[in-house]
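Residue strings, one per chain:
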Amino acid sequence: MLLISCPHCGERAQVEFTYERTLDSVVTLAMPPEDAMRALYERANPRGLDDELWRHSYGCRQWLLIRRNRTTHAIESVKAR
Ligand SMILES: [Zn+2]
């Protein structure tokens, strides 16, 4: 089980959080459809560090930016969004 240090609540168990997506797959309404399709369906899935969007669903309910290693699951940083 991961322990995630929420900037608002402190260290909490992973079960309180919801993983949303990697930050590079976030699509805005202003993006051209081709770019949106590429961001959603043609992403690389490399090993190593990744910036991810999480939500502290069973805590403060705030969105968080978590930099996590996909291979080891080690969390490098947690920032409020
Ligand atoms: Zn929190």
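Per chain, residues are indexed from 1 in the order of the written sequence. Side-chain atom pairs in this predicted model are given and counted only at pLDDT of 80 or more, local residue features only at pLDDT of at least 70, and totals for whole chains, interfaces and linings cover all residues. Hydrogens are left out, water is left out, and the side-chain values use all remaining heavy atoms of the structure.

(A) Representation of the pattern of salt bridges. Salt bridges are defined by distance alone: a side-chain nitrogen of Lys or Arg within 4 Å of a carboxyl oxygen of Asp or Glu. Using the criterion set out here, one finds eight salt bridges in the structure. As a salt-bridge pair, Glu16 and Arg12 come within 3.7 Å of each other at their nearest N and O atoms. For the salt bridge of Arg21 with Glu20, the shortest nitrogen-to-oxygen distance reads 3.7 Å. Salt bridges here are not isolated pairs; linked through shared partners, they connect Asp51, Arg67 and Glu76.

(B) Geometry of the coordination of the zinc ion. Only Cys6 (SG), Cys9 (SG), His56 (ND1) and Cys60 (SG) from the protein reach the zinc ion as donors, at distances of 2.1 to 2.4 Å. A donor here means an N, O or S atom no more than 2.8 Å from the metal, or no more than 3.2 Å when the metal is Na, K or Ca. Since water is not included, a site may seem to lack partners. Sites are called tetrahedral only when four donors show all angles between 85 and 135 degrees, square planar or octahedral only when four or six donors show opposite pairs over 155 degrees and all other angles between 65 and 115, and irregular in any remaining case. Of note is the zinc ion, whose four donor atoms meet at the metal with angles of 104 to 115° in an arrangement that counts as tetrahedral. Positions of the donor residues of the zinc ion, expressed as sequence spacing, correspond to C-x2-C-x46-H-x3-C. Note that Cys9 is positioned in the loop between β1 (3-6) and β2 (10-13) and Cys60 in the loop between β4 (49-55) and β5 (63-69), a separation of 51 residues in sequence. Three exposure classes are used, based on accessible area relative to the maximum for each residue type with a 1.4 Å probe and protein chains only: buried under 20%, partly exposed in between, and exposed over 50%. Exposure remark for Cys9: the relative accessible area of 25% places this residue in the partly exposed category. In this description a helix means any DSSP run of H or I spanning at least four residues, a strand means any run of E spanning at least two, and both kinds are numbered starting from the N terminus.

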